[in-house]
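For reference, the chains in residue letters:
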Amino acid sequence: MIEYCENQVSRTILLDIFMTKCRQIECRRTSLLEYFGEHFDSRECHATCDNCKNRDAGGITEKTDVTDDCVAILNMVRKLQEACESITLVQASQLFLGQLSKGKERKKDEMTSLEAFGRGKGRYERSEIERVIYHMILRQYLSEMDKKNAMGFTSTFLTSGSNANNLLRGERVHLICKTRRKTKSFERIDQKRKKQKKIVPEAASPVNIVPLPSDSQPRRIPGHHVEALAQLLKDWRASVCDNFNVMPYHILPTSGIAAIANAVPTTSTELSEIDGVGRIRVKKYGEAIISIVQSYLQKHNLKP
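Model, not experiment: these values are computed from the prediction. (Residues numbered from 1 in each chain as written. Predicted model: local features only at pLDDT ≥ 70, side-chain atom pairs only at ≥ 80, totals over all residues. Heavy atoms only, no water.)

Now for the confidence of the model for the chain. Detailed reading of the predicted coordinates is not advisable wherever pLDDT is low. Counting all residues, the mean pLDDT for the chain is 76, and 72% of those residues have values of 70 or more. Across the chain, the element-wise mean pLDDT spans from 51 in helix H9 (residues 184-196) up to 93 in helix H4 (residues 67-82). The low-confidence segment residues 197-216, where pLDDT is below 50, has zero contacts with residues more than four positions distant or belonging to other chains. (pLDDT = per-residue confidence, 0-100. Helix = DSSP H or I, 4+ residues; strand = E, 2+ residues; numbered from the N terminus. Contact = heavy atoms within 4.5 Å.)

Printed below as a string of structure tokens:
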């Protein structure tokens, strides 16, 4: 029994981590590769992931407080439960959007009198409100119960969850939601504005500037030492991840490790000036990083 409970807890934690990843609004490829310790420039995505594609299409995503809507959904499920009326996740989302499913049309008056009926109309897409309900299930505000009908088929219905009272007592719920998308009218306005812009004449003799490659960072120590130092820093990062159960990019991104190995900082000031490190990382891990760098330099008699 204890082993079963532990497995359930670990599965819940893993599910929570997965849901957190799904709710991120930055480039999906960047976040996934950072999870595995690799750096990927989001500019190279070219709208091939869902988040970048949505952003390019004019969609806007932001963290939204959906507590009131969650309370309304919970109260709706409870009221139907008290009336011995079963409701599925799909039916709940339809009612919240002001729609009646086939099984509920015969009880139109009862359904339309619910406080939550039509509350999300014009504010949510169906996929979004279903995601809100899934989140409520994850946080145990709602739970799912299987029931067999007279024909022997099993359906899954929503019921009040073990943490429902926490929500009713004021626990806040925030989700990343699509809040606005460009409509055709917006697109027409944008096109009109573009036409009204003045055409800037090209320069008579343009100067071709060849940019330096992104990986051409100034090295203060020989190349093979840079690679060895970077590997030491990666090993240190891996040990920190194991000890504190965090992701590698939370400690230090791979691009930051490469920059440190090239710049070989020996003071906190030098470390804080490196791109990809930042003040908070210096405060948390600066002492350990500088210690690794200094030890390596002393061991190999290097002077940057």
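Next comes the rest of the account.
The subject of this paragraph is the packing of aromatic side chains. Within the structure shown, the criterion is met by two aromatic pairs. Ring geometry for Trp236 versus Tyr285: centroids 5.9 Å apart, planes at 75°, classification edge-to-face. Of this pair, Trp236 sits in helix H10 (residues 223-244) while Tyr285 sits in helix H14 (residues 278-299), and the two are 49 residues apart along the sequence. Here Trp236 and Tyr285 have matching classes, each one buried. Between Lys147 and the ring centre of Phe157, over which it is positioned, the NZ or CZ distance is 5.8 Å. (Phe/Tyr/Trp six-rings, centres within 6.5 Å; stacked < 30°, edge-to-face > 60°. Buried < 20%, exposed > 50% of the residue type's maximum accessible area, 1.4 Å probe, protein only. Lys NZ or Arg CZ within 6 Å of the ring centre and 35° of its normal.)

One finds Ile73, Leu142 and Leu158 to be the most contacted residues of the largest nonpolar core, which totals 31 residues. If you list the elements that add at least two residues to this core, you get H4, helix H5 (89-96), helix H7 (126-138) and helix H8 (164-168). Here the element with the most residues in this core is H4; it accounts for eight residues. For Ile73, the contacting residues outside a window of four places in its chain are Phe96, Ile129, Val132, Ile133, Met136 and Leu142. In terms of nonpolar packing, the next biggest core, distinct from the first, is built from 27 residues, Trp236, Ile260, Val264 and Val293 among them. (Core = buried A, V, L, I, M, F, W, Y, C linked by side-chain atoms within 4.5 Å.)

On to the environment of Phe40. Structurally, Phe40 is set in the loop between helix H2 (28-35) and helix H3 (50-56). Here Phe40 falls in the buried class, since its relative accessible area comes to 14%. With sequence-adjacent residues up to four places away left out, Phe40 is seen in contact with Cys27, Arg29, Thr30, Leu33 and Cys45.

All right, on to H7 then. With 13 residues, H7 should cover 18 Å at 1.5 Å per step; its first-to-last C-alpha distance of 18 Å lies within 8% of that length. The set of residues buried in H7 consists of Glu128, Ile129, Glu130, Val132, Ile133, His135, Met136, Ile137 and Leu138. After H7 finishes, the residue Gln140 shows a positive phi value of roughly 65°. (Expected span 1.5 Å × (residues − 1).)

Going through the model one piece at a time under the given rule, you end up with six salt bridges. A salt bridge links Arg126 to Glu130; the shortest N-O distance between them is 2.9 Å. With Arg126 and Glu130 both in helix H7 and four residues apart, the pair spans about one turn of that helix. Its relative accessible area of 37% is what places Arg126 among the partly exposed residues. Residue classification places Glu130 among the buried residues on the basis of a relative accessible area of 17%. In this structure, Arg131 and Glu128 form a salt bridge, with 3.3 Å as the shortest nitrogen-oxygen distance. Pair noted here: Arg131 and Glu128 are both in helix H7, with a separation of three residues, about one helical turn. For Glu128, a relative accessible area of 7% corresponds to the buried category. (Salt bridge = Lys/Arg side-chain N within 4 Å of Asp/Glu carboxyl O.)

Position of Lys79 among the secondary structure elements: in helix H4. A sequence separation of 36 residues divides Lys79 from Glu115, and the C-alpha atoms of the two residues are 10.0 Å apart.

Once that is clear, we can look at the packing of H4 against H7. Direction vectors running N to C along H4 and H7 enclose 75°, while the axes themselves pass 11 Å from each other. With respect to their mutual orientation, H4 and H7 come out roughly perpendicular. For the pair H4 and H7, the contacting residues are Cys70, Ile73 and Leu74 in the first and Ile129, Val132, Ile133 and Met136 in the second. In terms of residue class, the contact of H4 with H7 is made up of seven nonpolar, no polar and no charged. (Axes fitted to C-alpha atoms, helices over the stretch in contact; angles between N-to-C directions. Parallel < 35°, antiparallel > 145°, perpendicular 65-115°, else oblique. Nonpolar A, V, L, I, M, F, W, Y, C, P; charged D, E, K, R; others polar.)

Here we take up unusual backbone geometry. In most cases, non-glycine residues show a negative phi, while peptide bonds are predominantly trans. A positive phi angle, close to 60°, is found at Ala47, a residue other than glycine. Mapped onto the elements, Ala47 comes out in the loop between H2 and H3. Phi at Cys84 is positive, roughly 60°, even though this residue is not glycine. Checked against the element boundaries, Cys84 lands in the loop between H4 and H5.

Next up on the list: H5. Extensive coverage of H5 is indicated by the burial of seven of its eight residues. Of the residues making up H5, those classed as buried are Leu89, Gln91, Ala92, Ser93, Gln94, Leu95 and Phe96. Where H5 is buried, its residues contact H4, helix H6 (108-112), H7, strand E2 (142-148) and strand E3 (154-160). Gly98 occupies a position one or two residues after H5 and carries a positive phi of about 85°.

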